[in-house]
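Residues per chain, in single letters:
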Amino acid sequence: MVLAVAFIACFSLLTILEILSSLNLFGFEGGMIVNSFVLGTITATFLKGLIVKKNSYILVASLIALAFSALTIMVYLASESFSYGIFGFITAPYVVRELKNKKKV
Amino acid sequence: MKVAMVGNPNVGKTSLLNALTGGDFSVGNFPGVTVEKKEGKGLINGRTVTFVDLPGIYSLQAESIDEKVARDYLEKEKPDLILNVVNALNLERNLYLTLQLTKFGIPMIIVLNMIDEAEKNGIRIDEKKLSEITGVPVVKTSAVKGVGVEELKREILRGGGIPRTFLGDLQEIIRIAERIAKNVTVVEKFEKTEIEGALDEVFMDRHLGIPIFLSFMWMMFTFTYSVAQPLQEFLESGFDFLASYISGFDGWFFSMLGDGVIAGVGNVLSFVPNIAFLFLFLSILELSGYIPRAVFLVDGFMSRFGLHGRSVIPLIMGFGCNVPAILATRSIEDEKVRIATALINPFMSCSARLPIYVLFAGLFFPKNGSVVIMALYVIGVLIALISAFIMRNTLLRGESEFIMELPPYMIPNPKELWLMTWSRTKHFIQKAGTVILVMSIVVWYITTYPGGSIEESYAAMLGKAIQPLFHPMGWSWELVLALISGFVAKEVVVATIGVLNIDITAIMAPHQAFAYMLFTLLYMPCLATIAAIRAEIGTRWAVFAVVFSFSVAYAVALIATEVGIWFWQ
C-alpha cells in the first residue's frame, strides 16, 4: 500500500501538470484536457485501491498507466505532441513483478 | 459432404471453421459475430467437405431471426453431419441445445471447444462417458491453438454417429442437460485467475467502469488520428505528386487519370492507415473480451433509452461499417428493439466517415484533431440514443430485457488480430477500387464537361441548383456537390473534394467546417446501408431512415452554424 500512496502522489502531480499545460497556465503548454481525464482516472483507480485495500485496483491502474504511456510515446514520436502520460512507464517494474507472480487465488 | 456447425454464441465456431478450412473468416470474442450462415470448403484426405457455419443460438425456439435461420437450415437442407460446437467452460448450458439437436436424427459429432481454457480452470470432462450417453463421438479441441483439429477431421470422415434422441418439454430437457453435465464433469477448482479477477473487479466497478471505458475510447481515437497521421500525410503527398504528374500530360485520358482517378481514389486511399489503426484497436478490445464488459456496463444506461445490452454490439459494430451492424441486429429477439437499433445505427460513425473528419480536423483544428473527432463520435452516439428514446416512446413503444454471458479474457491471438483488422481494412480498400473509382470518374466528367472549366460544368449546375438549401450554413456549391456524391458512399465526399481540387480553408470558417462534419456524420445513410435497412426491416422503415436522418442532420448542422458564429465572429 506504500506503493499505492507513491503512485497516487505521482499521478496526481502528472494530472495537475497536464491540466496546467492544456490551459496554458504558469508557462506550461502543449497538454490536452482529455489526457488529464485519463490521468485523473488512473489516479482515482489507485485511490480506490488504497481505500478498499485491494491490490487488484493498483495492478489494473498500473496496466492502464503503462498502456497510456506506450500510446503517448507513440504520439510523441509521430507528431511531437507531448503529454505527461509518458511518465506512466514508472509502473512498469510493478506490473512486471505482479505478472510474474500471478497465481491462482 | 455437407457439415453444419451449430452451437451457442461465442463458442469458437468461426475459429474452428478457419482451422478446418484454412479460411480467413472474421472471428470475435463476443456473441453475435455470425448472423448469417457462412460456407467454407476444406479438403480432408482428398475429400471435399463443405462446412456451413450457422449463427450462434441458445435454443431452437426460433424467437430471433438467427435461431430461425439455424432451425430452417437443419430442417430444409438436411446436412450430412452436424458439428455441435460446445464451450467446454460451460457444458451444462451448451448441452441444452445439444439435446434439442438430437430430434433431427442427423449424424452428429460433439466438439468440446476451448478445452485448454476449461482445463486451465480445473474443469475435467470425461468425453468417453459423454459419448456413451449421447451416442455420438466427442472430440476435444482448442480451435485457436489448433489442438484436436486433426482428430476432428478423422471423425468427420468417419461420418459421426446417429444421436440418441432426448425428447421432453423445456423443463425436462433442462433437467436432463443438468444431469448429464454433472455426470461427465469434474470441477477441481473453478476460479478466475488473479489477473482476470482483478480486471473484472476494476473494469466493472460501479464508479470507475465508465471513466475507464471513456479513457479507452480516447486512447483509440488518439491512436487512430495522431499515431497514424505521419503515414497518412506520406501517402497523401505521394498521391498528390502522382496526380499532378499524370495530369501534366496532354489529353483527356491523362486528365481523367490524374485529376479524376488518382486525385479521387488516392485522396481516399491515403486514409487507409487511419482506418487500419482504428480497426486494430477495436479488434484488440473485441478479441480480449473487453467489449462484452463494456456492454454489460452500459446496459443499465441503455435501458433508459428503451434499448438493451444486446443493442450495443450492433452499435459498436457500426463504428466499423453500418451494413454488417444492421445485419447483426438479427440476434435481438424483441422486434421493436431490433427496428429501433437498426434505424439508429447509421448515426454511429462508420469508418467511411473517418477520412472526412481527418481531412477537416487536420485543416481547421490541427491542435485538437483527436478531440474534435472524439466529439463527433460522442455526438453520433448521443443523437442515436435520443432518437431511440423518441422512437421507443412513440412508434416502437414496449418493454424488453436481455441476458448476456461474459466470455473469458484472452490475450488476442496475433493471427486472429491480423485477420480481423485486415478483413475490415480490405473492405475499405476494395470500395476504393470499385464504387469510389467509378464515382471519381463520374465526378471528373461532370466537373470537366460541357464547358471545360468547373464553373461551366454539369457539377456546377447541379451544385448551384441545390446550394440554396444549404445557404443558412454558408456552404459553397462545391461542398454541396461533395455531399450529394457522398450519398453513394461516404468516402466519395473526400474523393470529390480531391477531384474538385478546392482549398476548403479559403471557403469556410472553422464553425462551418464543424457543422459540415456533423452533417456528414448524420445525413442520409449510404446506399448500401439503406439497402441493408430495407432488407432487414422493410421499405417503409428504409424511407423513414432517410427522411429522419436528413432532418436531424440539417437541424443539428444549422444549430452548430448558428452557435459557432458566437465563437468565431
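Since the model is a prediction, treat every value here as computed from it, not as a measurement.

We now examine the overall build of chain A. On a plain count of helices and strands, chain A comes out with 4 helices and 0 strands. When the helices and strands of chain A are listed from N to C terminus, the series reads α-α-α-α. Whereas a compact globule of 105 residues would reach a radius of gyration of roughly 13 Å, chain A reaches 14 Å, a difference of no more than 12%. Seen along its three principal axes, the alpha-carbon backbone of chain A occupies a region of about 45 × 30 × 15 Å. Burial statistics for chain A: of 105 residues in total, 44% are counted as buried. Summarising the internal contacts of chain A: among those between residues at least 6 apart in sequence, 57% fall at separations of at least 24. Total accessible area computed for chain A in this model is approximately 5,300 Å², and 71% of it derives from carbon and sulfur atoms. In chain A, 8 positive and 4 negative side-chain charges are present, and the distance between their average locations comes to 27 Å.

Turning next to the pairing of strand S1 (residues 2-7) of chain B. Residue and element names in this part refer to chain B. For S1, the tally of buried residues reaches 5 of 6 residues, placing the bulk of the element in the interior. As paired elements, S1 and strand S3 (residues 47-53) share 4 bridges and run parallel to each other. Residue pairing for S3: Val3 is matched across the bridge by Phe51. The sheet contact formed by S1 and strand S4 (residues 81-87) spans 5 bridges and is parallel. Its bridge partner lying in S4, Gly7 is registered against Val85.

Pairs may arise between side chains of opposite charge once their charged atoms sit close together. Applying the stated criterion to the full structure yields 11 salt bridges over all chains. Measuring nitrogen to oxygen at the nearest pair gives 2.5 Å for the salt bridge that ties B:Glu201 to A:Lys54. Of the two residues, B:Glu201 is situated in helix H8 (residues 194-203) and A:Lys54 in the loop between helix H2 (33-52) and helix H3 (55-79); the pairing between them involves two chains. Note that B:Asp200 is salt-bridged to B:Arg293, the shortest N-O span being 2.9 Å. Taken together, the positions of B:Asp200 in helix H8 and B:Arg293 in helix H13 (residues 290-303) put the pair 93 residues apart, joining distant regions of the chain. By the burial criterion, B:Asp200 is buried, and B:Arg293 matches it.

When cut into domains, chain B gives domain 1 (2-187) and domain 2 (210-401 + 412-568). Placing a centre on the C-alpha atoms of domain 1 of chain B and another on those of domain 2 of chain B gives a separation of 39 Å.

Residues and elements named next belong to chain B. Its 14 residues place the ends of helix H20 (residues 435-448) 20 Å apart at the C-alpha level, agreeing with the 20 Å of an ideal helix rising 1.5 Å per residue. Three or more residues of H20 are buried, namely Ile436, Met439, Ser440, Val443, Trp444, Ile446, Thr447 and Thr448. In this fold, the buried residues of H20 make contact with helix H11 (252-269), helix H19 (414-433), helix H21 (458-466), helix H22 (477-485) and helix H23 (491-500).

This paragraph deals with the UniProt feature "transmembrane region" (unreviewed entry) in chain A. Residues and elements named next belong to chain A. Here the UniProt-annotated "transmembrane region" (unreviewed entry) positions come out as residues 32-50 and 57-76. The span residues 32-50 carries 95% helix and 0% strand; its end-to-end C-alpha distance comes to 27 Å. Between the C-alpha atoms that bound residues 57-76 the distance is 28 Å, and the span itself is 100% helix and 0% strand.

This part takes up helix H1 (residues 2-22) of chain A. Residue and element names in this part refer to chain A. Spanning 21 residues, H1 covers 30 Å between terminal C-alpha atoms, matching the ideal 30 Å at 1.5 Å per step. Those residues of H1 not exposed but buried are Ala4, Phe7, Ile8, Phe11, Leu14, Thr15, Leu17, Glu18, Leu20 and Ser21. Looking at the buried side of H1, the elements it contacts are H2, H3 and helix H4 (92-100). Asn24 sits one or two positions beyond H1 and adopts a positive phi of about 55°.

Residue and element names in this part refer to chain B. Model confidence for chain B is summarised by a mean pLDDT of 84, while 94% of its residues fall at 70 or above. Within chain B, the lowest mean pLDDT, 77, falls on helix H14 (residues 309-317), and the highest, 94, falls on helix H25 (residues 510-522). The complex model carries a pTM of 0.71, and its ipTM stands at 0.94.

A word on the interface of chain A and chain B. By a widespread convention, an interface's size corresponds to the accessible area lost as its parts come together. Between chain A and chain B, the residue contacts involve 27 residues of the former and 30 residues of the latter. Roughly 2,600 Å² is buried in total at the junction of chain A and chain B, and carbon and sulfur atoms are behind 74% of that figure. With its nearest N and O atoms 2.9 Å apart, the salt bridge here joins A:Lys48 to B:Asp205. There are 6 residue pairs in polar contact (both at pLDDT 80 or more) connecting chain A and chain B. Broken down by class, the residue content of the side of chain A that touches chain B amounts to 17 nonpolar, 5 polar and 5 charged.

Residue and element names in this part refer to chain B. One open sheet accounts for 6 strands, arranged S2-S3-S1-S4-S5-S7; its pairing is mixed. Each edge of the sheet is formed by a strand with only one pairing partner; in this case those strands are strand S2 (38-44) and strand S7 (138-140). Mean inter-strand twist for the sheet, computed between neighbouring axes without regard to direction, equals 25°.

What counts, and at which threshold
Residues numbered from 1 in each chain as written. Chains lettered and ligands numbered in written order. Predicted model: local features only at pLDDT ≥ 70, side-chain atom pairs only at ≥ 80, totals over all residues. Heavy atoms only, no water. Helix = DSSP H or I, 4+ residues; strand = E, 2+ residues; numbered from the N terminus. Rg over C-alpha atoms; globule rule 2.2 N^0.38 Å. Buried < 20%, exposed > 50% of the residue type's maximum accessible area, 1.4 Å probe, protein only. Contact = heavy atoms within 4.5 Å. Areas by Shrake-Rupley, 256 points an atom, 1.4 Å probe, with all protein chains shown as cover. Lys, Arg positive; Asp, Glu negative; His and termini not counted. Charge placed at Lys NZ, Arg CZ, Asp CG, Glu CD. Pairing = 2+ DSSP bridges. Salt bridge = Lys/Arg side-chain N within 4 Å of Asp/Glu carboxyl O. Domains from an automatic or database assignment. Expected span 1.5 Å × (residues − 1). UniProt positions renumbered as here; feature names shortened; annotations may be inferred. pLDDT = per-residue confidence, 0-100. Buried area = accessible area lost by both parts, 1.4 Å probe. Polar contact = N/O pair within 3.5 Å; in protein donor to acceptor, adjacent residues only side chain to side chain. Nonpolar A, V, L, I, M, F, W, Y, C, P; charged D, E, K, R; others polar. Axes fitted to C-alpha atoms, helices over the stretch in contact; angles between N-to-C directions.

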